[in-house]
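Coordinate analysis (summary)
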Amino acid sequence: MENDAFAAFYERSARPLWAYLARVSTDPALAEDLMQESYVRFLCAAGAPSLADEGEAAARLYLFRIATNLLRDHWRRLRAASIEEIPEELFAVQGRFAQSDSQILLGPALDRMKPRERQLLWLAYAEGYSHREIAEVTGLAAASIRLLLFRSRRKIAGFLRAQAAPVGREP
Amino acid sequence: MMPRNCPHEKEIRELIESGQWPLAAAPELRAHVSACRACSDLALVSETFRQARAETLAEARLVSPGVLLWRAQLRRRNAAVERLTRPLLGAQIFALAVTLLAGVGFAAFEARHGVAWLTWLEQLPQGAGRWDNFFSASLAGSAFTWMVLFPFFATLVLLGGVAVYMVMDRR
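From a predicted model like this one, the values you see are computed outputs, not experimental measurements.

**Brief notes about the overall build of chain B**
- A tally of helices and strands in chain B yields 7 helices and 0 strands.
- Secondary structure elements in chain B, listed N-terminal to C-terminal, are α-α-α-α-α-α-α.
- By the burial criterion, 10% of the 171 residues in chain B qualify as buried.
- In chain B, of all internal contacts separated by at least 6 residues, the share reaching a separation of at least 24 is 53%.

Here is the structure:
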């Protein structure tokens, strides 16, 4: 891949990728590391889609897939480690996002969701990916995405309403 | 819980994606959303995630694409070096195996034809002062045996050291 083409692709795709990783992992520092590793693997991968031939959308999907696999590996390593070996900070909510209205509402709701649910919701409602694209990124069966997404959406909508309710009652 | 699709979901999704929800929506559609659970979930979740995405994108701290290109280049080079050195390692292991085989063959040959040092080894526990006997027997029996044995053991020690080094270096 030519340097200029990569720089342009990076400029357009890096922020959405970081946002996805940061929101799903709830750890901005981890998101930064995983994002860089995703791009390096993308550049080294022999089977990565070419920007010129297959287009930016295919390259972006491939990049999100690499990032998703890295996240999964990270969680697997955490699970494999003994509970005594995991630093205490990891149990706390790690997000240090700006406290805007939507973040105040969405942050706690996302923290109560499972990582897989956070992935599906972000890809569908923040990135606007179709069920087929989500299946490609996550490696799940396309047929099960609809049901999983429906359940996740209902669950987080419940959390969002529950959080918004006390605020709404105030004068 | 089975997903129940509402025919208005597509329309609502399009309005949200174009940023026209709820202002440009027909009053009937807004009334429907407030009554339909699936559509109200969709509107709430989509709006919240889209707003959170816009805010999260601004928080990303990106490294220069040049750094990623350099890291990828370095990784590709390391992989190429590893691919090149793999046959060399194989050749080294093969050479070691052949040498050891030759050594074992030589020892077997010596044992079959009877050498003074074997006799001396058998008599070793029986008393002290056998070294002199062995030395004199070796010299008397075959000076050639000594000339071969010493380089043989020296080679074994040397190759053992190389093997240990290779294992440590590999780790």
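There is more to say, and it comes next.
**What to know about the domain arrangement of chain A**
All names here are of chain A.
- Domain parsing of chain A yields domain 1 (1-97) and domain 2 (98-171).
- Each partner contributes to the interface: domain 1 provides 13 residues, whereas domain 2 provides 14 residues.
- Those elements that place two or more of their residues in the side of domain 1 that touches domain 2 are helix 1 (3-25) and helix 3 (56-80).
- Considered class by class, the residues forming the side of domain 1 that touches domain 2 number 8 nonpolar, 3 polar and 2 charged.

**A closer look at the confidence of the model for chain B**
All names here are of chain B.
- A residue-level look at chain B finds 77% of positions with pLDDT of 70 or above and a mean pLDDT of 80.
- Ranking the elements of chain B by mean pLDDT puts helix 6 (residues 130-141) last, at 57, and helix 3 (residues 37-57) first, at 92.
- The complex model carries a pTM of 0.71, and its ipTM stands at 0.82.

**Some words on the environment of B:Arg13**
Residue and element names in this part refer to chain B.
- Counting through the fold element by element, arginine 13 comes out in helix 1 (residues 9-17).
- Between the alpha carbons of arginine 13 and glutamate 47 there is a distance of 9.7 Å; along the sequence they are 34 residues apart.
- Sequence-distant contacts of arginine 13, that is, excluding residues within four places in its chain, are made with Leu42 and Ser46.

**Regarding unusual backbone geometry**
- Residue B:Pro22 is bonded to the preceding B:Trp21 through a cis peptide linkage, with omega at 0 degrees.
- For B:Pro22, the position within the fold is in the loop between helix 1 and helix 2 (27-35).
- Although it is not a glycine, A:Thr26 adopts a positive phi angle of roughly 60 degrees.
- Residue position: A:Thr26 is located in the loop between helix 1 and helix 2 (28-44).

**Section: helix 3 of chain A**
- Spanning 25 residues, helix 3 of chain A covers 36 Å between terminal C-alpha atoms, matching the ideal 36 Å at 1.5 Å per step.
- Residues of helix 3 of chain A that are buried sit in contact with helix 1, helix 2, helix 5 (115-126) and helix 6 (131-138) of chain A.

**Some thoughts on the interface of chain A and chain B**
- Each side of the interface is counted separately: chain A has 38 residues, and chain B has 28 residues.
- If you list the elements that add at least two residues to the side of chain A that touches chain B, you get helix 1, helix 2, helix 4 (101-111), helix 5 and helix 7 (142-169) of chain A.
- Top element by residues in the side of chain A that touches chain B is helix 1 of chain A. It accounts for 11 residues.

**With respect to helix 3 of chain B**
- With 21 residues, helix 3 of chain B should cover 30 Å at 1.5 Å per step; its first-to-last C-alpha distance of 30 Å lies within 8% of that length.
- B:Cys39, B:Asp41, B:Leu42, B:Ala43, B:Val45, B:Ser46, B:Thr48, B:Phe49, B:Ala52, B:Arg53 and B:Thr56 are the residues of helix 3 of chain B that are buried.

**Remarks on the nonpolar core**
All names here are of chain A.
- Leu17, Leu21, Met35 and Ala67 are the most contacted members of the largest nonpolar core, which has 53 residues in total.
- Top element by residues in this core is helix 1. It accounts for 10 residues.
- Filtering out sequence-adjacent residues up to four positions away, leucine 21 remains in contact with Ala31, Leu34, Met35, Ala67 and Leu71.

**Some words on the environment of A:Leu106**
- Looking at the element boundaries, A:Leu106 is found in helix 4.
- Given 27 C-beta atoms within a 10 Å radius, A:Leu106 is considered buried.
- Sequence separation of A:Leu106 and A:Ala80 is 26 residues, and the distance between their C-alpha atoms is 29 Å.
- Setting aside anything within four residues of it in sequence, one finds A:Leu106 in contact with B:Thr48 and B:Ala52.

**Details of the environment of B:Leu68**
- Turning to its location among the elements, B:Leu68 is positioned in helix 4 (residues 65-113).
- For B:Leu68, a count of 23 C-beta atoms within 10 Å gives the class buried.
- Residues in contact with B:Leu68, not counting those within four places in the same chain, are A:Gln36, A:Tyr39, A:Val40, A:Leu43 and B:Val63.

**Some thoughts on the packing of helix 2 of chain B against helix 3 of chain B**
Residues and elements named next belong to chain B.
- At a minimum axis distance of 6 Å, the contact between helix 2 and helix 3 shows a crossing angle of 100 degrees. Between helix 2 and helix 3, the angle is such that the two are roughly perpendicular. Taking contact as the criterion, the partners of His32, Val33 and Ser34 in helix 2 are, on helix 3, Cys39, Ser40 and Ala43.
- For the contact of helix 2 with helix 3, the residue count by class is 3 nonpolar, 3 polar and no charged.

**Digging into the packing of helix 3 of chain A against helix 6 of chain A**
Residue and element names in this part refer to chain A.
- Put simply, helix 3 and helix 6 touch, their axes get as near as 7 Å, and they point 45 degrees apart. Of the possible angle classes, the one that applies to helix 3 and helix 6 is oblique. Residues Leu61, Phe64, Arg65 and Thr68 of helix 3 pack against Glu133, Glu136, Val137 and Thr138 of helix 6.
- When grouped by side-chain class, the residues that make up the contact of helix 3 with helix 6 number 3 nonpolar, 2 polar and 3 charged.

What counts and what doesn't
- Residues numbered from 1 in each chain as written.
- Chains lettered and ligands numbered in written order.
- Predicted model: local features only at pLDDT ≥ 70, side-chain atom pairs only at ≥ 80, totals over all residues.
- Helix = DSSP H or I, 4+ residues; strand = E, 2+ residues; numbered from the N terminus.
- Buried ≥ 20, exposed ≤ 12 C-beta atoms within 10 Å, placed from the backbone.
- Contact = placed C-beta atoms within 7 Å.
- Domains from an automatic or database assignment.
- Nonpolar A, V, L, I, M, F, W, Y, C, P; charged D, E, K, R; others polar.
- pLDDT = per-residue confidence, 0-100.
- Expected span 1.5 Å × (residues − 1).
- Core = buried A, V, L, I, M, F, W, Y, C linked by C-beta atoms within 7 Å.
- Axes fitted to C-alpha atoms, helices over the stretch in contact; angles between N-to-C directions.
- Parallel < 35°, antiparallel > 145°, perpendicular 65-115°, else oblique.

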